[in-house]
Amino acid sequence: MEHLPELTTERLLLRGFLPTDAPAVQQLVSAAEVADTTLNIPHPYPDNGAVEWIATHTEGIRNRTDLSFAIVRKEDGVLMGAIGLHLNTRHNKAETGYWIGVPYWGQGYATEALRRLLAWGFEELELNRIYAGYFVRNPASRRVQEKSGMTFEGIMRGDLCKNGNYEDHGMCAITRQDYLNSKR
C-alpha cells in the first residue's frame, strides 16, 4: 500500500494527512482537553510536533502498520481530527484510535468516521477484529465505539499510566462476523 484511499461519508472525507495539515493539527491537539482524553498526545504539545507526527505516516502506510486518516468536513474542507488503524497482520486484527478537536465535539463526527473506518477495515482490508480502548473517565469515547457497532468487552483497572496517574482502561471490539451480521 503506497497511499491511503479517500473514504467518504455523508459529511466527512477521511484522507491521508498532508504536510499542509500541520498547523491545523498543531492547534487542535494543543488543547489540554484533547491531550487529557488520549494516551499518546502530550500536553503541552511540542512545537513542530504535528510536522514530525505527519512525517511518520509514510513509513506506517508503506509497512502496513499504522494507517492514519485526517477527518475533514466535506462542506468546507476543515480538518477536525484524526482516526486510524494500528494493524497486527499476524493476527489479522487492528486497534483503532481517534481524536476530535474540541470545537467539533458532540456533533457525531467521531462516530461517523469510526463507522466508515470499520467498514473499510472489514470490507477492504478483510480484518477479523477491530478493537479500541478508552479511559473509563471518558464515557463519550465508549459511546462512540458502541454507536459504531462495537461491543463493550471489559475494563482493565490501573492498566495505563498517563501523566503519572494510573488509568482504568475500557475496551470495545467488533469482529468481522459481527460486522457482516449487522449488515443483513
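Above this text is the structure in question.
It should be emphasised that the depicted structure is a prediction, and the values quoted were computed from it without experimental measurement.

Draft legend 1. A look at the overall build of the chain. Looking only at helices and strands, one finds 7 helices and 8 strands in the chain. The C-alpha radius of gyration of the chain comes to 16 Å, within 12% of the 16 Å expected for a compact globule of 184 residues. Its C-alpha atoms give the chain principal-axis dimensions of about 45 × 40 × 35 Å. Within the chain, the fraction of its 184 residues that count as buried is 45%. Contacts in the chain between residues far apart in sequence, at least 24 positions, make up 61% of those at least 6 positions apart. Carbon and sulfur atoms form 47% of the exposed surface of the chain, whose accessible area is close to 9900 Å². Placing the 20 positive and 23 negative side-chain charges of the chain at their respective mean positions leaves the two points 6 Å apart.

Draft legend 2. Expanded view of the packing of aromatic side chains. Under the counting rule described, the total for this entry stands at 3 aromatic pairs. Geometrically, the ring pair formed by phenylalanine 69 and tryptophan 120 is edge-to-face, given 5.3 Å between the ring centres and 85° between the ring planes. With phenylalanine 69 in strand 3 (residues 66-73) and tryptophan 120 in helix 5 (residues 109-123), this residue pair connects regions lying 51 residues apart in the sequence. Both residues of the pair, phenylalanine 69 and tryptophan 120, count as buried. The lysine or arginine in question, arginine 142, covers the ring of phenylalanine 152, its NZ or CZ lying 3.7 Å from the ring centre.

Draft legend 3. Looking closely at unusual backbone geometry. Going from histidine 43 to proline 44, the amide bond is cis rather than trans, its omega being 0°. By secondary structure assignment, the location of proline 44 is in the loop between helix 2 (32-36) and helix 3 (49-55). Located in the positive-phi region is asparagine 92, a residue other than glycine, with phi close to 50°. Turning to its location among the elements, asparagine 92 is positioned in the loop between strand 4 (79-88) and strand 5 (93-100). Asparagine 92 sits in the partly exposed class, given a relative accessible area of 31%. A positive phi is found at glutamate 126, a non-glycine position, where the angle reads about 55°. Its location among the elements puts glutamate 126 in the loop between helix 5 and strand 6 (129-135).

Draft legend 4. Geometry of the pattern of salt bridges. Counted under the stated rule, the structure contains 7 salt bridges. Among the ionic pairs, arginine 15 bridges to aspartate 21, the shortest N-O distance being 2.7 Å. For arginine 15, a relative accessible area of 13% translates into the label buried. In this structure, arginine 137 engages aspartate 36 in a salt bridge whose closest nitrogen and oxygen atoms are separated by 3.0 Å. Of the two residues, arginine 137 is situated in the loop between strand 6 and helix 6 (139-147) and aspartate 36 in helix 2; the sequence distance between them amounts to 101 residues. Using a relative accessible area of 41% as the deciding quantity, one classes arginine 137 as partly exposed.

Draft legend 5. Representation of the environment of phenylalanine 135 in the model. In this fold, phenylalanine 135 is placed in strand 6. Owing to a relative accessible area of 4%, phenylalanine 135 belongs among the buried residues under this scheme. Measuring from C-alpha to C-alpha, the distance between phenylalanine 135 and aspartate 36 comes to 9.5 Å, with 99 residues separating the pair along the chain. With near-sequence residues (within four places) excluded, phenylalanine 135 lies in contact with Asp36, Thr37, Thr38, Leu39, Leu160, Lys162, Glu167 and Asp168.

Draft legend 6. Examining the environment of leucine 39 more closely. In this structure, leucine 39 sits in the loop between helix 2 and helix 3. The sequence separation of leucine 39 and glutamate 124 amounts to 85 residues, and the corresponding C-alpha distance is 28 Å. With near-sequence residues (within four places) excluded, leucine 39 lies in contact with Phe135, Leu160, Cys161 and Lys162.

Rules and cut-offs
- Numbering of residues starts from 1 in each chain and follows the order in which that chain's sequence is written.
- Where local features are concerned, this predicted model is filtered to residues with pLDDT of at least 70; where side-chain atom pairs are given and counted, the filter is 80 or more; whole-chain, interface and lining totals use all residues.
- To get the side-chain values, take all heavy atoms of the structure and skip hydrogens and water.
- Runs of H or I in DSSP of at least four residues are treated as helices and runs of E of at least two as strands, each being numbered from the N terminus.
- Each radius of gyration is computed over the set of C-alpha atoms, and the globule rule expresses the reference value as 2.2 Å times the number of residues to the power 0.38.
- With a 1.4 Å probe rolled over the protein chains alone, any residue whose accessible area is under 20% of its type maximum counts as buried; one over 50% counts as exposed, and the rest are partly exposed.
- Any two residues whose heavy atoms approach within 4.5 Å are treated as being in contact.
- Computed by Shrake-Rupley with a 1.4 Å probe, the accessible areas treat only the displayed protein chains as cover when residues are assessed.
- Only four residue types enter the tally: Lys and Arg on the positive side, Asp and Glu on the negative side; His and the chain ends are excluded.
- Think of each charge as sitting on NZ of Lys, CZ of Arg, CG of Asp or CD of Glu.
- Think of it this way: a Phe, Tyr or Trp ring, Trp meaning its six-membered ring, pairs with another when their centres are within 6.5 Å, and the plane angle makes it stacked under 30 degrees, edge-to-face over 60, tilted otherwise.
- We count a charge as sitting over a ring when the NZ of a lysine or the CZ of an arginine lies within 6 Å of the ring centre and within 35 degrees of the ring normal.
- Definition used for salt bridges: Asp or Glu carboxyl oxygen within 4 Å of a side-chain nitrogen of Lys or Arg.

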